[in-house]
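Summary of the model geometry
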Amino acid sequence: MNVPDALRRLTPLYGDAPALICGSEHQSYAQLDERSNRLANALLASGLQRGDRVAVWLENSIACIEIDCALAKAGLVRVSLNPRLTHAEAEYILADSEARLFIFGASFDGTVDAALIDGGPRRALRVGEGTPPVAGLPDYDAFLLSGNDAPVASVFDAEHLYCLFYTSGTTGKPKGVMLSHRAMLHVAWNLLMEVGPLEVGERALLMQPLSHGAGFFVLPQLMKGGVCVIMRHFDPAEVLRLAAEHQVEMIKLIPTMLQRILRVPGVEKVALPRLRAIIYGASPMPEEPLRQAIQVFGAGKLVQIYGQSECPVTLTVLHGNEHRLDTPWPQRLTSAGRPWGTVEVRVVDDAGVDVAPGGVGEVVLCGPHLMSGYWKRPETTAETIRNGWLHTKDMGRIDEHGFVYLLGRKDEMIISGGYNIAPREIEDVLYQHAAVQEAAVLGEADAEWGQAVVAYVCLKEPSEEASGGEALAREILEFTRPRLGFKRPKRIYLMRELPKNPAGKIQKKALVPAAALACIGGAA
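A quick note: this is a predicted structure, and the numbers were derived from the prediction, not measured. (Residues numbered from 1 in each chain as written. Predicted model: local features only at pLDDT ≥ 70, side-chain atom pairs only at ≥ 80, totals over all residues. Heavy atoms only, no water.)

As a further point, take the overall build of the protein. Counting secondary structure elements, the protein contains 16 helices and 27 strands. Relative to its length of 524 residues, the protein is compact, with a C-alpha radius of gyration of 23 Å against a globular reference of 24 Å. Seen through its principal axes, the protein has C-alpha atoms that stretch 70 × 50 × 45 Å. Buried positions account for 56% of the 524 residues belonging to the protein. Carbon and sulfur atoms make up 52% of the accessible area of the protein, which totals about 21100 Å². Averaged over its 53 positive side-chain charges, the protein has a centre that lies 1 Å from the centre of its 61 negative ones. (Helix = DSSP H or I, 4+ residues; strand = E, 2+ residues; numbered from the N terminus. Rg over C-alpha atoms; globule rule 2.2 N^0.38 Å. Buried < 20%, exposed > 50% of the residue type's maximum accessible area, 1.4 Å probe, protein only. Areas by Shrake-Rupley, 256 points an atom, 1.4 Å probe, with all protein chains shown as cover. Lys, Arg positive; Asp, Glu negative; His and termini not counted. Charge placed at Lys NZ, Arg CZ, Asp CG, Glu CD.)

What follows deals with the pattern of salt bridges. Considering all chains together, one arrives at 32 salt bridges under this definition. Taking the shortest distance from any N to any O, the salt bridge between aspartate 68 and arginine 78 comes out at 3.0 Å. With aspartate 68 in helix 4 (residues 62-74) and arginine 78 in strand 4 (residues 77-80), the pair connects residues that are ten residues apart, well separated along the chain. The residues aspartate 68 and arginine 78 share a single accessibility class, namely buried. The residue lysine 508 makes a salt bridge to glutamate 427 at a minimum N-O spacing of 2.8 Å. Placement of the pair is lysine 508 in the loop between strand 26 (491-494) and strand 27 (518-520) and glutamate 427 in helix 14 (residues 423-430), with a sequence separation of 81 residues. For the pair formed by lysine 508 and glutamate 427, the shared burial category is buried. One connected set of salt bridges, linked through shared partners, spans Glu34, Arg38 and Asp149. (Salt bridge = Lys/Arg side-chain N within 4 Å of Asp/Glu carboxyl O.)

For the rest of this paragraph, the subject is the packing of helix 3 (residues 29-45) against helix 4. The contact between helix 3 and helix 4 brings their axes to 8 Å, and the two run at 55°. Taken together, the axes of helix 3 and helix 4 lie oblique to each other. Here the hand of the crossing between helix 3 and helix 4 comes out right-handed. Counted together, Leu32, Asp33, Arg35, Ser36, Asn37, Leu39, Ala40, Leu43 and Leu44 of helix 3 and Ile65, Glu66, Ile67, Cys69, Ala70, Leu71, Lys73 and Ala74 of helix 4 form the full contact between these two elements. Residues of the contact of helix 3 with helix 4, tallied by class, amount to eleven nonpolar, two polar and four charged. (Axes fitted to C-alpha atoms, helices over the stretch in contact; angles between N-to-C directions. Parallel < 35°, antiparallel > 145°, perpendicular 65-115°, else oblique. Left-handed = near helix turned anticlockwise from the far one by under 90°. Contact = heavy atoms within 4.5 Å. Nonpolar A, V, L, I, M, F, W, Y, C, P; charged D, E, K, R; others polar.)

A sheet is described by the order of its strands in space; here nine strands give the open sequence 2-1-10-9-11-12-13-14-15, paired in mixed fashion. Each edge of the sheet is formed by a strand with only one pairing partner; in this case those strands are strand 2 (25-28) and strand 15 (338-339). (Pairing = 2+ DSSP bridges.)

Attention shifts here to the sheet that holds strand 24 (residues 436-446). One open sheet accounts for four strands, arranged 24-25-26-27; its pairing is mixed. Each of the sheet's edge strands pairs with one partner strand only, and the pair in question is strand 24 and strand 27. Put simply, the sheet's adjacent strands are angled 25° from each other on average, direction ignored. Bridge count for strand 25 (residues 450-459) against strand 26 is four bridges, and the pairing is parallel. The partner of valine 457 across the bridge, within strand 26, is leucine 494. Where helix 14 meets the sheet, its contacts fall on strand 24 and strand 25, and the angle it forms with strand 24 comes to roughly 140°.

Shown next, in the form of structure tokens:
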């Protein structure tokens, strides 16, 4: 079975029922099927062949999903570019993927130039997004309508490549993760099994880039007859307005988005009677904001998922019934939950041997949605997948009940005075201080300790950074003393904001003392 096999069943089941909503634009299942058939046929008629890569650079829109469906039906390989990428990053991915076609939106007109359009045999297609066509660039809608609406014969197996999903490049150049139709279908089935939608017509509000995290939630939503309500850009107040207007059952976001939503005045008064799940993932959620979210939205509404690009979205899950403030196991709120039903998880030492129960080591896993490998990087693939197990480079432990606790990336663990210190443990304590907006902890070279624990902190009140920020930072250092002992930060660097990659994750490698407003607690 492949993704087109799943898509082919939708129109007979759901027909004129709404499938997609983005602003004032609506599209039914029948319309999505017809338009994606036309686009798939037009792409193949233009000379593209199954297996060719097609790069897509769009802001969130209905066109994103039309294109995804069309590429799947045509057997073409999607290469999604995150809307937040720079020109240089986009140029690298286009070249590395050897994309034959580049589809981009009008919102990137100021960024797209000859270097992106004229890459060898590459051609371009422009999505107008309500703007007039540009001379010399084929128009998306005209091109789509040139194709016939007959179903495409999608004769390829589940191991055929569905997409190249480029990593965020936190350890060098981004790598193209090869995800097959098998992987995409198993992600969809996993989500349907654990988080839904549960009923036909359920509505999911998607605000992350469809090119990445949010995109994995589209297929299961469609397979169940649900509705995707798409936000073009994230805005915390607009999230609450749209959630109330459409009475959504599910919201998908990342922790930084949820924290911003919690700061919207009157958030606790917004009526969301149909809301069943707020699904967060991509990075750990600090415990204090998580407790606040449970108080605001209610017990049982939050769901955490953990995944990696190499085995997306559905590795572990912390269910709604495990997000409670009255639980006898409060420490579970800081866990990533337990493995999905189709996934096996172990914790191993540097030799690949399982650590003792409860011990700390590298998280390794296997599951049916594991990547096929890294694009054009067989050596890196062999280093990462060993004997069928994906080595995640995430450090963690598993408790006696099977809950997985993530402690930080393997190369981010701090060795200070001979002790291993997990940054996550320090960050969770920092977030308990009322003045801390964001925090990132890392090790800094130290003549006495080998590495010193230091924290980069953003305060909730920007004015405090310029005036009373240093006094607050000293207060925060004292706050950590009884709670962390020798693990407490030696220094705090005050920041206006923490650098993040296009996926919204904090970029610790970009944190340097020179970028800080002030250093409190001793010279670097």
